[in-house]
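Inside the fold
Given next are the chains, with one letter for each unit.
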Amino acid sequence: MDIDLEQFHRIFFEESLENLDSMETHLMDLQPGSEDAEFIDDIFRSAHSIKGGSATLGFTYISDFTHDLETLLDHVRMGARSISIADIDLLLQSVDCLRDIFSALVDGEEPKAEETCRLKGLFQCALSEDNGDVDAESDGIATQTDKVESNNVEAPNGKGWIIHFSPNIDILQSGNEPLRLFRELDELGELHVKAHLDELPQIHHCDAKECHMKWSLRLITDADKEVIDDIFEWVADDSAIEICSITEDKAVKPEQPDAEHIEDMRLMESSATSTNTSYSTQSRTKADVNPISLANNGTEAEIAKTVVSNKLQTATTPSQTQAEIISNKSKSDVSIRVSISKIDQLINMVGELVITQSMLSQISKDFSMADLQKLKKGLSELEHHTRQMQDRVMQIRMLPINYSFSRFPRTVRDLSKRLGKKINLLIKGEQTELDKTVMEKIGDPMVHLVRNAIDHGIEMPDQRLKLGKPEYGTITLNAYHLGGNVVIEISDDGAGLNKLKIIDKAISRGLIESTEDVSNEQIYAMIFEPGFSTVDTISDVSGRGVGMDVVRSNIQALNGHINVKSKEGEGSIFTIRLPLTLAIVDGQLLRVGGNTYILPLVSIVESMQVNKTMVNQVAGGGQVFHWRDEYIPIIHLSEAFGIHADYSSVTDGILIVVDCEHEKIGLLVDELLDQQQVVVKSLETNYRAVDGVSSATILGDGTVALILDILGIVKILHMKKAKIDTHITNLLGMHNRLDSNLMI
Amino acid sequence: MVNTVNIDQTSDDAYGENKLQDTMQFLTFLMAQEEYGIDILRVQEIRGWETATTLPNVPAHIKGVVNLRGTIVPLVDLRHCFGLPEVKYSAETVVIVLLIKTDKGDRVVGIVVDAVSDVFTLAESEVCAAPELADSVEINFIRGLATVNEKMVILLDIDKLRLLDEIPDQMACDIKNQLNAQRQE
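Computed from a predicted model, the values in this text were never measured in an experiment. (Residues numbered from 1 in each chain as written. Chains lettered and ligands numbered in written order. Predicted model: local features only at pLDDT ≥ 70, side-chain atom pairs only at ≥ 80, totals over all residues. Heavy atoms only, no water.)

Structural notes on the overall build of chain A
- From N to C terminus, chain A includes 23 helices and 24 strands.
- Buried residues in chain A amount to 46% of all 744 residues.
- Put simply, of all contacts in chain A between residues at least 6 apart along the chain, 72% involve residues at least 24 apart.
- Total accessible area computed for chain A in this model is approximately 37000 Å², and 51% of it derives from carbon and sulfur atoms. (Helix = DSSP H or I, 4+ residues; strand = E, 2+ residues; numbered from the N terminus. Buried < 20%, exposed > 50% of the residue type's maximum accessible area, 1.4 Å probe, protein only. Contact = heavy atoms within 4.5 Å. Areas by Shrake-Rupley, 256 points an atom, 1.4 Å probe, with all protein chains shown as cover.)

Thoughts on the overall build of chain B
- Helices and strands together make up the secondary structure of chain B, namely three helices and ten strands.
- Along chain B, from the amino end to the carboxyl end, the secondary structure elements read α-β-β-β-β-β-α-β-β-β-β-β-α.
- Counting only residues that meet the buried cut, chain B has 45% of its 185 residues in that class.
- Residue pairs at least 24 apart in sequence account for 57% of intrachain contacts in chain B once pairs closer than 6 positions are excluded.
- As displayed, chain B has an accessible area near 9700 Å², and 49% of this comes from carbon and sulfur atoms.

Re the environment of Thr147(B)
Residues and elements named next belong to chain B.
- For Thr147, the location among the structural elements is in strand S9 (residues 142-148).
- Residue classification places Thr147 among the exposed positions, given a relative accessible area of 54%.
- When the C-alpha atoms of Thr147 and Cys128 are compared, they prove to be 9.0 Å apart, with 19 residues separating the residues in sequence.

What to know about the pairing of strand S10 (residues 473-482) of chain A
All names here are of chain A.
- Note that strand S8 (residues 423-427) and S10 share five bridges and pair parallel. Its bridge partner lying in S10, Asn424 is registered against Thr474.
- With eight bridges joining them, S10 and strand S11 (residues 485-492) adopt antiparallel strand pairing. In the sheet register, His481 faces S11, and the bridge partner there is Val486. (Pairing = 2+ DSSP bridges.)

A few points about the pattern of salt bridges
All names here are of chain A.
- Taken as a whole and judged by the stated rule, the model has 27 salt bridges over all chains.
- Among the salt bridges present, the one from Glu24 reaches Arg99, with a minimum N-O distance of 3.1 Å. Highlighted residues: Glu24 in helix H1 (residues 6-29) and Arg99 in helix H4 (residues 85-106), separated in sequence by 75 residues.
- Asp96 is the salt-bridge partner of Arg410, the closest N and O atoms lying 2.7 Å from each other. Taken together, the residues Arg410 in helix H16 (residues 408-419) and Asp96 in helix H4 connect sequence positions 314 residues apart.
- Taking the relative accessible area as the measure of exposure, Arg410 reaches 9% and is therefore buried.
- Among the residues examined, Asp96 registers a relative accessible area of 26% and is labelled partly exposed. (Salt bridge = Lys/Arg side-chain N within 4 Å of Asp/Glu carboxyl O.)

Examining the pairing of strand S21 (residues 663-669) of chain A
All names here are of chain A.
- Among the seven residues that make up S21, five are buried, leaving the element largely enclosed by the rest of the structure.
- Pairing geometry for strand S19 (residues 630-636) and S21, over three bridges, is parallel. Residue pairing for S21: His636 is matched across the bridge by Leu668.
- Relative to S21, strand S20 (residues 654-660) is paired through seven bridges, and the arrangement is antiparallel. The residue bridging Asp659 from the neighbouring strand is Lys664, located in S21.

Description of H16(A)
All names here are of chain A.
- Here H16 is twelve residues long and its end C-alpha atoms lie 16 Å apart, about the 16 Å a rise of 1.5 Å per residue gives.
- Inspection of H16 places Phe408, Arg410, Thr411, Val412, Arg413, Leu415 and Ser416 among the buried residues, and these make up the whole buried set.
- In this structure, the buried residues of H16 make contact with H1, H4, helix H15 (402-405), S8, helix H17 (436-457) and S10.
- Residue Gly420 follows H16 closely and has a positive phi angle near 70°. (Expected span 1.5 Å × (residues − 1).)

A few points about the nonpolar core
- Counting 73 residues, the largest nonpolar core has Leu637(A), Phe29(B), Leu78(B), Ile96(B) and Leu156(B) as the members making the most contacts within it.
- Ranked by the residues each element gives to this core, the list is headed by S20(A), at six residues.
- With 45 residues, the next largest nonpolar core counts Ile401(A), Ala453(A), Ala479(A) and Ile562(A) among its residues. (Core = buried A, V, L, I, M, F, W, Y, C linked by side-chain atoms within 4.5 Å.)

What to know about the sheet that holds strand S22 (residues 671-679) of chain A
Residue and element names in this part refer to chain A.
- Taken together, the five strands give an open sheet; going across it, the order is S22-S14-S15-S24-S23, and neighbouring strands pair in mixed fashion. Every other strand in the sheet has two partners, leaving S22 and strand S23 (693-698) as the edge strands with one partner each. Recorded for the sheet is a direction-independent mean angle of 35° between the axes of neighbouring strands.
- Two strands pair when backbone bridges link them, and strand S14 (residues 584-592) and strand S15 (residues 595-600) are joined in this way by six bridges, in the antiparallel orientation. If you follow Leu590 over to S15, its bridge partner there is Tyr597. (Axes fitted to C-alpha atoms, helices over the stretch in contact; angles between N-to-C directions.)

Quick notes on the sheet that holds S21(A)
Residue and element names in this part refer to chain A.
- The strand order S16-S20-S21-S19-S18-S17 describes an open sheet built from six strands, whose pairing is mixed. Edge positions in the sheet fall to strand S16 (604-608) and strand S17 (615-617), since each of these pairs with one other strand and no more. Recorded for the sheet is a direction-independent mean angle of 30° between the axes of neighbouring strands.
- Note that S16 and S20 share four bridges and pair antiparallel. For Ser607, the partnering residue across the bridge sits in S20 and is Ile656.

A closer look at unusual backbone geometry
- Phi at Arg628(A) is positive, roughly 45°, even though this residue is not glycine.
- Despite not being glycine, Ala32(B) has its phi angle at roughly 50°, a positive value.
- Assignment of secondary structure puts Ala32(B) in the loop between strand S1 (23-31) and strand S2 (34-39).
- Take Ala32(B): its relative accessible area is 25%, and that puts it in the partly exposed class.

Here we look at the packing of aromatic side chains
- In total, this model carries twelve aromatic pairs over all chains according to the counting rule given.
- With centroids separated by 5.9 Å and ring planes inclined at 15°, the aromatic side chains of Phe12(A) and Phe59(A) adopt a geometry described as stacked. Here Phe12(A), found in helix H1, pairs with Phe59(A), found in the loop between helix H2 (37-57) and helix H3 (60-77); they are 47 residues apart in sequence, far enough to count as distant. A single burial state applies to Phe12(A) and to Phe59(A), both of which are buried.
- On the numbers, 5.8 Å between centres and 20° between planes, the contact of Phe29(B) with Tyr36(B) is stacked. Considered together, Phe29(B) and Tyr36(B) belong to a single accessibility category, that of buried residues.
- Ring pairs connect the aromatic residues Phe12(A), Phe13(A), Phe59(A), Tyr61(A) and Phe102(A), which therefore count as one cluster. (Phe/Tyr/Trp six-rings, centres within 6.5 Å; stacked < 30°, edge-to-face > 60°.)

Section: the side chain of Asn19(A)
Residues and elements named next belong to chain A.
- Mapping Asn19 onto the fold places it in helix H1.
- Of the residues examined, Asn19 reaches a relative accessible area of 11% and is grouped as buried.
- When residues no more than four places from it in sequence are discounted, the contact partners of Asn19 are Ser46, Ser49 and Ile50.

Comments concerning the confidence of the model for chain A
Residues and elements named next belong to chain A.
- For chain A, mean pLDDT is 73; residues scoring 70 or higher make up 76% of the total.
- Element-level mean pLDDT values for chain A span from 34 in strand S5 (residues 324-325) up to 91 in strand S24 (residues 704-708).
- Scored below 50 in pLDDT, residues 248-332 makes 171 contacts in the model with residues more than four places away or belonging to other chains. (pLDDT = per-residue confidence, 0-100.)

Quick notes on the packing of H3(A) against H4(A)
Residue and element names in this part refer to chain A.
- Where H3 contacts H4, the axes come no closer than 12 Å and their chain directions differ by 160°. Classed by the angle they form, the pair H3 and H4 counts as roughly antiparallel. H4 is crossed by H3, and the crossing has left-handed handedness. Side by side, H3 and H4 meet where Tyr61, Ile62, Phe65, Thr66, Leu69, Leu72 and Leu73 of the first sit next to Leu91, Ser94, Cys97, Leu98, Ile101, Phe102 and Leu105 of the second. (Parallel < 35°, antiparallel > 145°, perpendicular 65-115°, else oblique. Left-handed = near helix turned anticlockwise from the far one by under 90°.)

Thoughts on the environment of Ser54(A)
All names here are of chain A.
- Tracing the backbone through its elements, the reader meets Ser54 in helix H2.
- Look at Ser54 and you get buried, because its relative accessible area is 0%.
- Spatially, the C-alpha atom of Ser54 lies 7.9 Å from that of Phe12, the residues being 42 residues apart in sequence.
- In this view, Ser54 contacts Phe12, Phe59, Thr60, Ile62, Ser63 and Thr66; residues no more than four positions away in its chain are not counted.
- Looking at Ser54, its side chain comes within polar contact range of the main-chain oxygen of Ile50, at 2.8 Å. (Polar contact = N/O pair within 3.5 Å; in protein donor to acceptor, adjacent residues only side chain to side chain.)

Here it is, written out as structure tokens:
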């Protein structure tokens, strides 16, 4: 039996991180004084899973730590302790601490021990307040330890055996399990076990198939030597066993068995045999998914990628019934959890696809024109199935935004406490689905915006009362679908943006010259400029002026937009618009000269042929177009890309009105072609980013077409104008440099 | 085995050093009647020229991108990089798809050459260092010269060519030509 424990580590880490998340959520719901037994049970269950898994896989420091945590919870569960704010804080801190440990382990680093030690001390403090009685009940391991301990207290009655049991290194491979032997011995009377761990290798050198331990057993019993011999019969060949009567051997004194030793021993065994029966029978949780029980189900690798259906039964929050994701810091090999029903649907669809395919190949076997109708039907069916399948596969990547939102109750709680503010958090539309990649990248900007709202937005309670507002400020997170976009709103009912301060700052930084001709929207947009902060003092929460500009660039990197509306004294609303997915876009194919380009359909407002009377030449040479009471600039794609276009005048081409950061721009092209869904391919894989082009795609005929990036095109045109001057100076400069090189 | 080629050594070690006793295989191609050799282990495939999708505002030696079984691969005109006169691409024009290592990771790039010539094996001792050429801007991408069948082959170090950078830009060539013209005056 060859088991690579490493492959289970990842599953364990992921499950544990998930358990921690659920612990955190429940801790947030917990109210001191009125603890809900169900919540406590859920938290306890999560903690127990982590403990069980870590003990089995050899992370003793984690299991030790969780043991303390569990004990405290158990006291609460038993009613021996009522949970206080301090307890919740302590538990939350330990959740953080464990999360740090796990993320360090995931990244392959050595976790730091200081925090665990500190928290352990706090747990000991908290526990010492309670009656120790409850402790003994806390779980299987503790029970066993305590039993052995309590036995120790009783005076030995003199009759018994001392057994020195030194198994061969490969005893586990013969299917023998020392624990089972000991349990049998235990039935004969009182058993004291001492494990000799001297030869135990470091945990990372450990081979789970090897047993490096020896045991000294002291059995107080009336049973005969034969009975003991019988128990050891199966292992007698594989080990050195020495049995002598207690009276004969006084040298070996009974020693206090150590919980850790027993645990070590247990982990050696259960991991070696991979049947952790002994463990799961003792674990109290009912539908608990424990990494090892997973491991039992299949020794194939990649378990993490398969569906964990058990999870559905254990789901503790409604959101967990949805597809699950573990957002994992390490970039490599992130896994995604998918509900079994989604996979089933996919499998059905693949079935349909296979049937259609075989039907088509049947037709093609001896094809005559008479079959043309059949062929067409088959092809349309194929298209239908392919489209459906595409939708389903995309759905696998879609996750409810709750995964991003769920971290905020904690942020708000911690931060408001620290700043002495009173804040309610309102979450709406948490079931809105969003692509996994988008979700991962939107997390940080959202945290930033929420922190800003807490720090700058919401006023202090007394100030709020003075202003006639409710004492508790409200921060609302909302998400909904709008067209092909997901809209996320983060709003607060706080002070709002200080327009005058922004204007002052903008003028002092030279961003604007005066307030004339600057709309409110433009003023507010300035907070996204780099280095722009209106806070006078820099706190550790915010005020460095780096945040908002990063927020904006992160969102733009996702092809999204952010804008802000604010009213002084009433609060602000930040609105983030993001595309649903990054992998496939609905595109409008268009032609300029001999080139085909693709414009994302969502950015197109309207397209039309223009009338000469609607076009005006503005002094600088640029053309504008009168459209619905607006004058919008006309951009020639051919000019931006330096290519030839067929149209000779504006009226010959087609004008596409596109949305570009809340401004409209008219893009002039030769012709509109098909509309189709295109698969986004990166140019950067083998080349680099190209201005004006967001990515590329492959068309039906196998050729590559470029997907346009309007913002980039506008930038090119600006640069081209500036370049004409700089190009000349550059050329001269280079010229001079080379000249002087030659002189030397 | 004599014919083994150690990939690590070929890619990372200094080529000029004589300590390498292994032999290496090279693929040669023709450009303006000269024969050039590249490490055969970097060659992914050889294709005929097909029209590429041009990219806007990129250096002139980047001929565009093509679809290579689902990935987008840029094509580089090697004639342009070497300042050779351009020729019209024909059915005989060949694209060699190479794996090159850049500081940003591995890239798959197609180079457009006149024709593919031969494959031959060379021992390290048969490669002589490239002579200092008087007015070459950059020749460190020349790994050495070798004689095969009494013909000179120029061995290239494709990683040092920096095919995807702006370096072999038309502008540099223009200025070089200008300077040459000036010098002659």
